[in-house]
Amino acid sequence: MIRDLLINATLETLYMSLVATFLALIFGMALAILLVLTRSGGLAPMPQFYRVLGAIVNAFRSFPFIILMIVLFPLTKLIVGTSIGTTAAIVPLTIGSAPFIARLLEAAMLEVDKSVIEAARSFGASRTQIVFRVLIPEALPAIINALTLTLIVIIGFSAMAGTVGGGGLGDVAVRYGYQRFRPDIMIYTVIILIVMVQLIQMLGDFAYKRLKK
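Residues numbered from 1 in each chain as written. Predicted model: local features only at pLDDT ≥ 70, side-chain atom pairs only at ≥ 80, totals over all residues. Heavy atoms only, no water.

With respect to the overall build of the chain
Consideration 1: Across its full length, the chain holds 10 helices and zero strands.
Consideration 2: Along the chain, helices (α) and strands (β) appear in the sequence α-α-α-α-α-α-α-α-α-α when read from the amino end.
Consideration 3: Here the C-alpha coordinates of the chain stretch approximately 65 × 40 × 25 Å along the principal axes.
Consideration 4: Within the chain, buried positions represent 40% of all 213 residues.
Consideration 5: Sequence separation of 24 or more characterises 73% of the internal contacts of the chain that already satisfy a separation of 6 or more. (Helix = DSSP H or I, 4+ residues; strand = E, 2+ residues; numbered from the N terminus. Buried < 20%, exposed > 50% of the residue type's maximum accessible area, 1.4 Å probe, protein only. Contact = heavy atoms within 4.5 Å.)

Remarks on the nonpolar core
Consideration 1: Leu 105, Met 109 and Leu 135 are the most contacted members of the largest nonpolar core, which has 21 residues in total.
Consideration 2: Elements represented by at least two residues in this core include exactly helix H1 (2-38), helix H5 (86-110), helix H6 (114-122), helix H7 (127-138) and helix H8 (140-161).
Consideration 3: With sequence-adjacent residues up to four places away left out, Leu 105 is seen in contact with Leu 25, Gly 28, Met 29, Ala 32, Ile 143 and Ala 146.
Consideration 4: Counting residues in hydrophobic clusters, the runner-up holds 13 residues, among them Leu 6, Ile 155, Tyr 176 and Met 196. (Core = buried A, V, L, I, M, F, W, Y, C linked by side-chain atoms within 4.5 Å.)

Some remarks on the packing of aromatic side chains
Consideration 1: Using the criterion set out here, one finds one aromatic pair in the structure.
Consideration 2: Note on Phe 65 and Phe 157: the rings are 4.7 Å apart at their centroids and 0° apart in plane angle, and the pair reads as stacked. Taken together, the residues Phe 65 in helix H3 (residues 65-71) and Phe 157 in helix H8 connect sequence positions 92 residues apart. (Phe/Tyr/Trp six-rings, centres within 6.5 Å; stacked < 30°, edge-to-face > 60°.)

Regarding H8
Residues spaced three or four apart along an α-helix face the same direction, because each turn holds 3.6 residues.
Consideration 1: For H8, built from 22 residues, the straight-helix expectation of 32 Å at 1.5 Å per residue is met to within 8% by its first-to-last C-alpha distance of 30 Å.
Consideration 2: Those residues of H8 lying buried are Pro 141, Ile 143, Ile 144, Ala 146, Thr 148, Thr 150, Leu 151, Ile 152, Ile 154, Ile 155, Ser 158 and Ala 161.
Consideration 3: Where H8 is buried, its residues meet H1, H3, H5, H7 and helix H10 (183-212). (Expected span 1.5 Å × (residues − 1).)

Points about the side chain of Ser 158
Consideration 1: Inspection of the secondary structure assignment puts Ser 158 in helix H8.
Consideration 2: Among all residues touching Ser 158, those that are not within four sequence positions of it are Thr 13, Met 16, Ser 17, Leu 93 and Gly 167.

So, to be careful, I would describe these as geometric facts and stop short of saying anything about function.
Take a look at the structure:
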């Protein structure tokens with residue numbers, strides 16, 4: 001009974017976290033590219049646009065996740081038809097994580113040697129070519145680090161989502177551990193989360209080292 005409960009909760013947590021990370025990476029990459037291009041000294045400088053976009057990204061990034069999840073209940077219900085459950089939790093997880101990963105990806109791309117960018121421009125490369133053939137490939141190791149960190153953060157967010165109907169390990173810890181006075185179940189969920197994070201970090205470090213060679 002407990003084993004099946006924990007296995008199902010672990011799969012739910014992985015489902016929420018992986019899907020939300022994938023979606024956050026897509027939206028975050030788009031935001032990061034805009035931030036890199038439009039900043040002062042960028043390939044398409046638009047300082048006012050950069051300031052406005054940066055302020056929006058910072059505002060969403062500083063939002064406490066639990067509050068963000070509650071605020072987004074109407075939008076979540078509009079998108080997936082319900083505001084509770086593992087699939088519903090993906091919406092606030094994505095929206096809450098996209099600005100976070102956007103800033104990480106922006107920093108990763110800004111670390112690319114400017115001489116490489118200038119060399120590409122001298123060969124007549126367009127902005128699109130510079131972004132997708134120079135910036136992203138050159139920043140890939142740092143992007144992998146950012147992705148690893150984001151996935152770990154989202155796993156933590158998913159545990160919080162469980163406290164307000166998001167399912168997963170957080171839901172099991174609260175409903176079956178805390179509310180039913182079963183500290184053993186709470187300990188099991190914590191151990192599973194720790195192991196999950198350790199494995200993800202190890203895989204991320206391995207991928208980073210491989211790409212750095």
